[in-house]
Amino acid sequence: MKKDSKIYIAGHRGMVGSAIRRALEQRGYTHLVFRSSSELDLRNQQAVADFFASERPDYVFLAAAKVGGIVANNTYRADFIYENLMIEANIIHQAYVTGVTKLMFLGSSCIYPKLAPQPLQETSLLTGPLEPTNEPYAIAKIAGIKLCEAYRDQYNCNFISVMPTNLYGYGDNYDLNNSHVLPALIRKFHEAKESNSPSVQAWGTGSPKREFLFADDLAEACLFLMENYNGRELINIGTGEDLSIKELTELVAETVGFTGTIDWDTSKPDGTPRKLMDVANLHGLGWSHRIELKEGVALAYQDFLKHQTEYSA
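Note that the structure is predicted; figures quoted are calculated from it, not measured.

A. Looking closely at the packing of aromatic side chains. Counted according to the given criterion, the structure contains 13 aromatic pairs. Geometrically, the ring pair formed by Tyr 96 and Tyr 155 is stacked, given 4.0 Å between the ring centres and 20° between the ring planes. Of this pair, Tyr 96 sits in helix α4 (residues 77-97) while Tyr 155 sits in helix α5 (residues 135-155), and the two are 59 residues apart along the sequence. You can call Tyr 96 partly exposed: its relative accessible area is 28%. Each member of the aromatic cluster is reached from another via a ring pair, and the members are Tyr 96, Tyr 151, Tyr 155 and Phe 159. The aromatic ring of Phe 80 is capped on one face by Lys 66, whose charged end is 5.4 Å from the ring centroid. For Lys 268, the ring lying beneath its charged end belongs to Trp 203, and the centroid distance is 5.4 Å.

Below you can see the structure in the form of structure tokens.
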């Protein structure tokens with residue numbers, strides 16, 4: 001990418017898209033294009049076609065998606081598969097139609113089978129059943145990968161796919177009804193501390209293991225791969241390190257300064273037992289993460305404090 005290349009960031013207001021935007025701006029890219037959802041409905045085929053025909057971007061980061069945690073994924077199953085299929089199909093097809101130089105599709109680690117061997121290798125895709133609670137979202141993301149592969153195979157498009165691990169960071173979603181585990185814990189512990197609550201309820205048993213990557217590290221990886229990777233195969237993006245939900249919960253409590261007890265509601269689902277990415281391919285290309293989890297949680301909590309009035313009930 002040249003500094004004056006026209007670069008479209010789909011989903012620029014989300015945690016991932018905004019991190020990619022910051023990374024590009026910090027590097028001096030001057031011709032960034034984005035639209036809010038009120039300005040451009042990415043589910044609308046004609047609207048997306050008109051946008052691409054008018055703007056004709058050179059590069060596309062496809063970070064737009066309908067996302068959520070276990071509850072949201074399991075409750076709004078039709079919304080998650082329909083909206084994500086429409087978004088990715090519209091953008092990928094119009095990138096082909098208008099001759100985009102290169103597109104990056106951002107997927108999710110939930111594309112891998114529930115009981116795939118750990119750590120999760122890119123070759124594990126489609127080798128077993130998915131986690132039932134987020135199957136519709138996962139299938140939509142798998143379709144995005146296959147769209148990129150198909151347009152590459154048939155039309156020789158340079159469309160690549162990357163699979164981030166669990167993400168957190170600036171501008172995260174702290175809505176307790178549809179957020180991911182880490183931001184939900186930050187809000188829960190903060191509100192418990194503020195109200196002098198003696199305990200906080202956490203979901204499940206605490207035994208599942210998860211990997212977490214700071215969103216600004218993901219953005220760095222995305223820029224690196226946009227510059228240095230042109231392969232057909234998807235690439236995992238993560239840290240290659242994980243910890244139990246119990247350990248994560250205790251780390252967040254310590255960071256926030258909550259000193260009460262943690263009560264585990266074992267009637268709530270645990271989800272996939274373990275999700276650790278194999279990042280050997282990414283490391284082999286020359287990239288690895290910089291922000292460790294303890295530092296990242298502290299940065300995320302400070303960001304939460306700056307914007308907490310937006311999250312108040």
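B. Layout of the pattern of salt bridges. For the structure shown, the criterion picks out 16 salt bridges. Among the ionic pairs, Asp 41 bridges to Arg 43, the shortest N-O distance being 3.0 Å. The exposure class of Asp 41 is partly exposed, given its relative accessible area of 30%. The exposure class of Arg 43 is partly exposed, given its relative accessible area of 35%. Salt-bridge contacts for Lys 114 lead to Glu 131; the nearest nitrogen and oxygen are separated by 3.4 Å.

C. Region of interest: the sheet that holds strand β5 (residues 159-164). What the six strands build is an open sheet, ordered β2-β1-β3-β4-β5-β10; its pairing is parallel. A single partner strand is all that each edge strand has here, and the edge strands are β2 (32-33) and β10 (235-237). Two elements, β5 and β10, share three bridges in a ladder whose sense is parallel. Residue pairing in the sheet places Pro 164 in a bridge with Ile 237 of β10. Against the sheet, α5 makes contact with β4 (102-106) and β5, and its axis sits at roughly 155° relative to β5, the strand it touches most.

D. The environment of Leu 282, seen in detail. Here Leu 282 shows up in helix α9 (residues 280-285). With relative accessibility at 0%, the residue Leu 282 sits in the buried group. Remark: the alpha-carbon pair of Leu 282 and Lys 306, spanning 24 residues in sequence, is separated by 34 Å. In contact with Leu 282, not counting residues within four places along its chain, are Leu 225, Ile 235, Asn 236, Ile 237, Gly 238 and Trp 287.

E. Region of the structure containing empty space enclosed by the protein. If you walk through the whole model with that rule in mind, you get one cavity of 30 Å³ or more. Space inside the largest cavity adds up to approximately 70 Å³. The wall of the largest cavity is formed by Ser 109, Cys 110, Tyr 112, Pro 113, Lys 114, Gln 118, Leu 120, Glu 131, Asn 134, Thr 272, Arg 274 and Lys 275. For the lining of the largest cavity, the per-class residue count stands at four nonpolar, four polar and four charged.

F. Region of the structure containing the UniProt feature "active site" (unreviewed entry) in the protein. In this structure's numbering, the residues bearing the UniProt feature "active site" (unreviewed entry) are Tyr 137. For Tyr 137, a relative accessible area of 9% puts it in the buried group. Setting aside its immediate chain neighbours within four residues, Tyr 137 contacts Lys 66, Val 67, Asn 73, Phe 80, Asn 84, Ser 108 and Cys 110.

G. Highlighting the sheet that holds strand β8 (residues 209-210). Ordered by their spatial adjacency, three strands build an open sheet running β11-β8-β13, and the pairing between neighbours is mixed. What marks the edges here is a single partner per strand, and that holds for β11 (243-244) and β13 (274-275). In terms of strand pairing, β8 meets β13 through two bridges, oriented parallel. By the bridge assignment, Lys 209 is partnered in β13 with Arg 274.

H. Representation of the packing of helix α2 (residues 45-55) against α4. Contact geometry of α2 with α4 gives a least axis separation of 9 Å together with a crossing angle of 35°. For the crossing formed where α2 meets α4, the hand is right-handed. On α4, the residues touching Gln 45, Val 48, Ala 49 and Phe 52 of α2 are Asn 90, Ile 91, Gln 94 and Ala 95. Across the contact of α2 with α4, the residue classes break down as five nonpolar, three polar and no charged.

I. The pairing of strand β3 (residues 59-62), seen in detail. Of the two faces of β3, the one lined by Tyr 59 and Phe 61 and the one lined by Val 60 and Leu 62 are each fully buried. The pairing of strand β1 (residues 7-10) with β3 spans four bridges and is classified as parallel. Bridge pairing in β3 links Ala 10 to Leu 62. Summarising the sheet, β3 and β4 pair through four bridges and their orientation is parallel. The residue of β4 that forms the bridge with Val 60 is Leu 103.

Conventions and cut-offs
- All residue numbers refer to positions counted from 1 along the written sequence of the respective chain.
- Where totals are concerned, whole chains, interfaces and linings use all residues; where local detail is concerned, this predicted model gives features only for residues with pLDDT of at least 70, and gives and counts side-chain atom pairs only at 80 or more.
- Water and hydrogen atoms play no part in the side-chain values, which are based on all heavy atoms of the structure.
- Aromatic rings from Phe, Tyr and Trp, taking only the six-membered ring of Trp, are treated as a pair when their centres fall within 6.5 Å; an angle between ring planes under 30 degrees marks them as stacked, one over 60 as edge-to-face, and anything in between as tilted.
- Strands are runs of DSSP state E lasting at least 2 residues, helices are runs of H or I lasting at least 4, and numbering of each runs from the N terminus.
- Per-residue accessibility, obtained with a 1.4 Å probe over protein chains only, is compared with the maximum for each type, and a residue is labelled buried under 20%, exposed over 50%, and partly exposed between these values.
- Whether a charge sits over a ring comes down to the Lys NZ or Arg CZ being within 6 Å of the ring centre and within 35 degrees of the ring normal.
- A carboxyl oxygen of Asp or Glu within 4 Å of a side-chain nitrogen of Lys or Arg is what we treat as a salt bridge.
- DSSP bridges decide pairing: two strands pair if at least two such bridges lie between them.
- We call two residues contacting when some pair of their heavy atoms lies within 4.5 Å.
- Axis geometry follows a simple rule: fit a line to the C-alpha atoms, using only the stretch in contact for helices, then measure angles between N-to-C directions, giving values from 0 to 180 degrees.
- A 1.4 Å probe that fits but cannot get out identifies a cavity on a 1 Å grid over protein atoms alone, an open set with protein on both sides within 12 Å along at least five of seven lines counts as a pocket, and a residue lines either if it has an atom within 4 Å of a point.
- Grid points are joined across faces, edges and corners, and a volume is the space filled by probe spheres set on the points.
- Throughout, the ten residues Ala, Val, Leu, Ile, Met, Phe, Trp, Tyr, Cys and Pro are labelled nonpolar, Asp, Glu, Lys and Arg are labelled charged, and all others, Gly among them, are labelled polar.
- UniProt positions are given in the numbering used here, feature names are shortened, and annotations may be inferred rather than shown by experiment.
- In this scheme the handedness of a crossing depends on how the near helix is turned from the far one: anticlockwise by less than a right angle means left-handed, clockwise means right-handed.

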